There are 2 protein chains.
Amino acid sequence: MKELKKLYDRIVQQVNINLRELDFDVRPFVENLIDPEKMTKFYAFYGITPDHPLDLEFSHSGLAGSYFLGKCKVTNSLLYKSDIRGDELKREGSTFTFQNFSIPLTTDEVIDIRDSALIKTLVHNYSHDPETAERFFIRSTLAMQFANIHGSPMDGCFLGPFATVDLTTAHDSVIGRYSYIQAGEVHHLRIKPGTIWVNSPNNFNFYYRYKPEALQPYVHMEDGQPSGLLFDFIEEHQGAFQRVFNMVNLDVIDTIPASASLDRYAVILPKTTIAENVLVSQRAYLQNSALGKGANAQENCYIINSTLAGFDVTAHGAKLIEADLEENVFVGFNSFVRGTAESRVCIGQRCIIMPHTIIDIDEPLEIPPGHLVWGLIKNARDLQENSVSLTELTKIEKSFTRGRMHFEGNGAQFVKAFQDRIQHILEVNGAFYDEEHNNAGHAQKNQNLSLNTIQPFRFGEMEGLYPNMIIKL
Amino acid sequence: MKELKKLYDRIVQQVNINLRELDFDVRPFVENLIDPEKMTKFYAFYGITPDHPLDLEFSHSGLAGSYFLGKCKVTNSLLYKSDIRGDELKREGSTFTFQNFSIPLTTDEVIDIRDSALIKTLVHNYSHDPETAERFFIRSTLAMQFANIHGSPMDGCFLGPFATVDLTTAHDSVIGRYSYIQAGEVHHLRIKPGTIWVNSPNNFNFYYRYKPEALQPYVHMEDGQPSGLLFDFIEEHQGAFQRVFNMVNLDVIDTIPASASLDRYAVILPKTTIAENVLVSQRAYLQNSALGKGANAQENCYIINSTLAGFDVTAHGAKLIEADLEENVFVGFNSFVRGTAESRVCIGQRCIIMPHTIIDIDEPLEIPPGHLVWGLIKNARDLQENSVSLTELTKIEKSFTRGRMHFEGNGAQFVKAFQDRIQHILEVNGAFYDEEHNNAGHAQKNQNLSLNTIQPFRFGEMEGLYPNMIIKL
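Here we summarise the structure given alongside this text. Because the structure is predicted, anything quoted here is derived from the model rather than measured.

### As for the nonpolar core
And step 1. Ranked by size, the top nonpolar core spans 132 residues in total, and within it A:F68, A:L159, B:F68 and B:L159 carry the most contacts.
And step 2. Not counting residues within four places of it along the chain, the set of residues in contact with A:L159 comprises A:T141, A:L142, A:A143, A:M144, A:A147, A:N148, A:I149, A:M154, A:V165 and A:I175.

What follows is the structure, encoded as structure tokens:
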């Protein structure tokens, strides 16, 4: 048996061992997840920039099509077209504060992936766990397509397709497909598909779960294969990525301001305009859209026939089709916002579209400014049941239920936490950059980014795995 | 000052320190040797094969366009389009015998390049020095274009363009342009340009030196720049190498036998035919030629409008134009054999064309079978003065002078040493391969070779240098 197959079997078994108390078997999901031919065919690449340490260590792993930035270590793992973005890791000499604790860092933080398989998964941000300030670990974990592991160390977890774990350390847990959790620390939990859960103990708790039959057309599992409308949508647009290397950006974009950056692995189709301080990350897809000043399109985003007025955040995996965003709109992870040419989705300023929200309409929809929006919205009535004005939410002190959403705790704290975070995202992405303040973010720094490729063994016992490599400045 | 410049200055100074007793200054030669733009632009690549250990270590070095195979280590060095071929290094567990000594190897031999600059240089074979069986070192050495370092550890040396050091450990020595030495061990020697010297102490000594004015049109230095006919010839054919990546071999070659191998960085132009067990190495150039069974074209060879009957060796850097070789002809390193369409060079079987021989004719020339040929030959009369039949040479017991060539010692030993070596070259290259004897050589093994690329820093202080890398199985 070839080494790739052995390694994969070992990872699958390891995840199952960790999940044995939940009586969860990942095997039905993994059948066709790793295609040996693709593992052999695709190069991996790493970013070099003066802003982040070049410090990579790959041992006994397959890395096909994956991207690495900053300090990363991958051991006994299989990564397929995953993005391991260590550009926000904590740095040596800095201090990490958590509640009353203040932790001085004596080394640069590292993303340390071991005994895991990550498929089209985005790993980003830094470990928010004070127990492991210098090591953002991902151990014995299997993540399926378009999962996001965001500032979330994990050990012994299964993430279904489109699952997001955000600022949460997870042990021996299952995060169902299209579920989003942000809960500090979880153990031995099994999160059902389509759960949106934001919990800050003693402060607030937001909970929503899609009706299984309503989520079903968008994301479901069929004979262990993920399928549904979200997959079909991505599939339809795949072709353009194959052409990325042949495209000359200048053909389709009149001007890109010096303060903006487009990743070379992004797809930019006509007629797209890019304003100052815009950040477009790798694997983003823009078509016939206008991105206003300080807007961003993160990894795996699709923005089609849409306008973003400015300072809008399109978080990892969010999709906007036939949508018009006023300024300062936040669209959370993996949200799917789809209007039609005749029925556009208009989102008022300062709106927060919660992660994993689906807005899928065939009549025009207007979301008034300053609203929080969640769940599944197919028309204006759904919007009533799946939104609340931030003003109203701010007044909540104990609890609040609307439709399938239940909120407990302090509404003002919840709103403030969200708004602070959006502000922080815009800052680190360079949305507010001007020369005078010298406050460059990713949009400006990525202009100094170059990408180097690395390749796997292409035959023999080790076919599809990469040579063991240490790459440092 | 950028790191690349600092490093180059450091290397140049180091070589000068080593050569101070010879009162030799390399600085006039190095002015335009390293072009920072090209150092940044060109990828390097390494071969992966089941037959050789993958064990590479690059620190603080530029590697532009260079090729690595087998166990190599490069530290504080600049390599430009050099070939570091560790496919004949000694292996752990083997025994290296030298005279009465028998040295057991406890590790794989490594090519260890440090504080050196190598420009379009070929490094091949293994260290023939019993003092350093496991480490083929190249230290504090500057090698100019088309130098060959063949089984020759060296420390503190300058190799002029087209210089070859073969099976010779060299310390603090200068090897002039187009000189070939094979002398076991040399110290503090300054070899004048155009010297051909083969010395086996107590056995034989072959010595020839080109008239300076005769060598001048072929290779000379002008304002520190190498120039002359050999450079012009290479320059003329450079264009084809830029197209190598676009070429489909099948368009120009009817059939390549399964037992032959063409490197993907070789140029093969119509109408070229390749027989069984042929080896064509990277940077070889073939045009309108026929290579018979077991023939080979090594690195930097040019074979144009020529026929090789079979089992012919075209050693590193040898060039054949309008030439017909019968079977078992050996053409040594960097030889230049040029006929014209009307005046072909015909070389009889079992001839040995000494390394660094120039045959450049405009009247037909026939070299009879079984002759040793050396030096500069422009017509039949020159051939008389620059050749001897192997039969005649075998009878020499004390000394023999012909033209500018002087031979001392045992002619039979000299002929046998050469013939044994040619036989060995054919064997390791796989010329005699058949399935039954399972005696695969490079021609067959290279079919399992894949090439992976690595890239330099493309901006900043480190521009043109490579990240520090360790790459292992």
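### Notes on helix α5 (residues 229-242) of chain B
Residue and element names in this part refer to chain B.
And step 1. At E236, α5 shows its largest kink, close to 35°.
And step 2. Looking at α5, one finds that the buried residues are L230, F231, F233, I234, H237, A240 and F241.
And step 3. Looking at the buried residues of α5, the elements they touch are β26 (225-227), β28 (267-269), β31 (285-287), β34 (302-304), β37 (319-321) and β40 (336-338).

### Considering the sheet that holds strand β22 (residues 190-191) of chain B
All names here are of chain B.
And step 1. The strand order β5-β10-β13-β16-β19-β22 describes an open sheet built from 6 strands, whose pairing is parallel. Pairing within the sheet leaves two strands with one partner each, and these edge strands are β5 (78-80) and β22.
And step 2. Pairing between strand β16 (residues 158-159) and strand β19 (residues 174-175): 2 bridges, direction parallel. Bridge pairing links F158 to V174 in β19.
And step 3. Its contacts with the sheet place helix α1 (residues 3-18) against β5, β10 (117-119) and β13 (142-143), and it is angled at close to 100° to β5.

### A few points about the interface of chain B and chain A
And step 1. With 24 residues of chain B at the contact, the number on the chain A side is 24 residues.
And step 2. There are 0 salt bridges connecting chain B and chain A.
And step 3. On the surface where chain B and chain A come into contact, there are 13 residue pairs in polar contact (both at pLDDT 80 or more).
And step 4. For the side of chain B that touches chain A, the secondary structure elements donating two or more residues are β1 (44-48), β50 (450-454) and β51 (468-472) of chain B.
And step 5. Partitioned by chemical class, the residues of the side of chain B that touches chain A number 15 nonpolar, 7 polar and 2 charged.
And step 6. Of the pairings in the sheet, the one linking strand β51 (residues 468-472) of chain A to β51(B) comprises 5 bridges and is antiparallel in character. Note that in β51(B) the partner of A:I471 across the bridge is B:M469.

### Concerning the side chain of B:T314
Residues and elements named next belong to chain B.
And step 1. Note that T314 resides in strand β36 (residues 313-314).
And step 2. A residue is classified by how much of its surface remains accessible, and T314, at 0% relative accessible area, is buried.
And step 3. A polar contact is formed between the side chain of T314 and the backbone oxygen of N296, at a distance of 2.8 Å.
And step 4. Discounting residues that sit within four places of it in the chain, T314 has contacts with N296, A297, Q298, C301, I303, L308, L320 and V331.

### Things to note about the packing of aromatic side chains
And step 1. Inspection of the entire model under this criterion finds 55 aromatic pairs over all chains.
And step 2. Seen from their ring centres, B:F96 and B:Y126 are 6.0 Å apart, and the 85° between their planes marks the pair as edge-to-face. With B:F96 in strand β7 (residues 95-98) and B:Y126 in the loop between β11 (122-124) and β12 (135-139), this residue pair connects regions lying 30 residues apart in the sequence.
And step 3. Taking the relative accessible area as the measure of exposure, B:Y126 reaches 21% and is therefore partly exposed.
And step 4. Ring centres of B:F241 and B:Y302 lie 6.5 Å apart, and the angle between their planes is 75°; on these two criteria the pair is classed as edge-to-face. One end of the pair, B:F241, is in helix α5; the other, B:Y302, is in strand β34, and 61 residues separate them in sequence. You'll find B:F241 and B:Y302 in the same group, each marked buried.
And step 5. Lying over the aromatic face of A:Y265, A:R264 brings its terminal NZ or CZ to 4.8 Å of the ring centre.

### Here we look at the environment of B:H424
Residue and element names in this part refer to chain B.
And step 1. One can find H424 in helix α9 (residues 411-428).
And step 2. Judged by relative accessible area, which is 37%, H424 ranks as partly exposed.
And step 3. In sequence terms H424 and N148 are 276 residues apart; their C-alpha atoms lie 19 Å from each other.

Reading the values: rules and limits
Residues numbered from 1 in each chain as written. Chains lettered and ligands numbered in written order. Predicted model: local features only at pLDDT ≥ 70, side-chain atom pairs only at ≥ 80, totals over all residues. Heavy atoms only, no water. Core = buried A, V, L, I, M, F, W, Y, C linked by side-chain atoms within 4.5 Å. Buried < 20%, exposed > 50% of the residue type's maximum accessible area, 1.4 Å probe, protein only. Contact = heavy atoms within 4.5 Å. Bend = angle between axes of the 7 residues up to and from the residue. Helix = DSSP H or I, 4+ residues; strand = E, 2+ residues; numbered from the N terminus. Pairing = 2+ DSSP bridges. Axes fitted to C-alpha atoms, helices over the stretch in contact; angles between N-to-C directions. Salt bridge = Lys/Arg side-chain N within 4 Å of Asp/Glu carboxyl O. Polar contact = N/O pair within 3.5 Å; in protein donor to acceptor, adjacent residues only side chain to side chain. Nonpolar A, V, L, I, M, F, W, Y, C, P; charged D, E, K, R; others polar. Phe/Tyr/Trp six-rings, centres within 6.5 Å; stacked < 30°, edge-to-face > 60°. Lys NZ or Arg CZ within 6 Å of the ring centre and 35° of its normal.

Purely geometric stuff here, so don't read any function into it on its own.
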